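# Summary of the model geometry
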Amino acid sequence: DAGLVKFAGHELIWQHLHRHALADLFLDNLEYNGGTTGLDALWAAVPILSAPREKFSARYGASFNRGAGLEALLTARNGEDYRALAIQLAARPGLLARVREA
């Protein structure tokens, strides 16, 4: 559903951080992970779905999940697993809510 994706303009840092809490899940880019943006999401209790790759720039999300104790739940082995897990979490809001509470 295209209405589920929201685009936002530039904001002051406190407004930027506040709007992270509006998201249900942070879908990390597979080749160049979110870095500070991913940490901002975790700070707002928004879980990161990630699939680490070989490059250093593609391993941040998995590292953040490991540090938050969410590695087993939110770190996919590859692009197919990433897609399947994203679909599963979108289809099961109760599961996503439990992940957010972890």
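About the criteria used
- Residues numbered from 1 in each chain as written.
- Predicted model: local features only at pLDDT ≥ 70, side-chain atom pairs only at ≥ 80, totals over all residues.
- Heavy atoms only, no water.
- Salt bridge = Lys/Arg side-chain N within 4 Å of Asp/Glu carboxyl O.
- Axes fitted to C-alpha atoms, helices over the stretch in contact; angles between N-to-C directions.
- Helix = DSSP H or I, 4+ residues; strand = E, 2+ residues; numbered from the N terminus.
- Parallel < 35°, antiparallel > 145°, perpendicular 65-115°, else oblique.
- Contact = heavy atoms within 4.5 Å.
- Nonpolar A, V, L, I, M, F, W, Y, C, P; charged D, E, K, R; others polar.
- Expected span 1.5 Å × (residues − 1).
- Buried < 20%, exposed > 50% of the residue type's maximum accessible area, 1.4 Å probe, protein only.
- Arc of directions from axis to C-beta.
- Polar contact = N/O pair within 3.5 Å; in protein donor to acceptor, adjacent residues only side chain to side chain.
- Phe/Tyr/Trp six-rings, centres within 6.5 Å; stacked < 30°, edge-to-face > 60°.

### As for the pattern of salt bridges
- Tallying each qualifying case throughout the model produces five salt bridges.
- Ionic pairing is found between Arg77 and Asp81, a salt bridge with its closest N-O pair at 3.0 Å.

### Considering the packing of helix α5 (residues 79-91) against helix α6 (residues 93-101)
- Where α5 contacts α6, the two axes come as close as 5 Å, and the packing angle between them is 100°. Here α5 lies roughly perpendicular to α6, going by the angle between them. Between α5 and α6, the residues in contact are Gln88, Leu89, Ala90 and Ala91 and Pro93, Leu95, Leu96 and Val99, respectively.
- Among the residues making up the contact of α5 with α6, the classes are represented as seven nonpolar, one polar and no charged.

### Digging into α5
- For α5, with 13 residues, the first-to-last C-alpha span of 18 Å sits near the 18 Å given by 1.5 Å per residue.
- For α5, the complete set of buried residues consists of Tyr82, Leu85, Ala86 and Leu89. Down the axis of α5, the buried side of the element spans an arc of 105°, and every buried residue falls inside it. The exposed residues of α5 that point more than 90 degrees off its buried face are Glu80, Arg83 and Ala91.
- Along its buried surface, α5 packs onto β1 (26-27), β2 (48-49), α4 (71-74) and α6.
- In this structure Asn78 caps α5, since a side-chain oxygen of it lies 3.0 Å from the backbone nitrogen of Glu80.

### Here we look at the environment of Leu49
- Structurally, the position occupied by Leu49 is in strand β2.
- Considered as a pair, Leu49 and Leu89 are 40 residues apart in the sequence and their alpha carbons are 9.7 Å apart.

### Description of the packing of aromatic side chains
- Within the structure shown, the criterion is met by two aromatic pairs.
- An angle of 70° between the planes, with centres 5.2 Å apart, marks the rings of Phe56 and Tyr60 as edge-to-face.
- The exposure class assigned to Phe56 is exposed, which follows from its relative accessible area of 63%.
- Note on Tyr60 and Phe64: the rings are 6.2 Å apart at their centroids and 20° apart in plane angle, and the pair reads as stacked. Of this pair, Tyr60 and Phe64 both sit in helix α3 (residues 60-68), four residues apart, which is roughly one turn of the helix.

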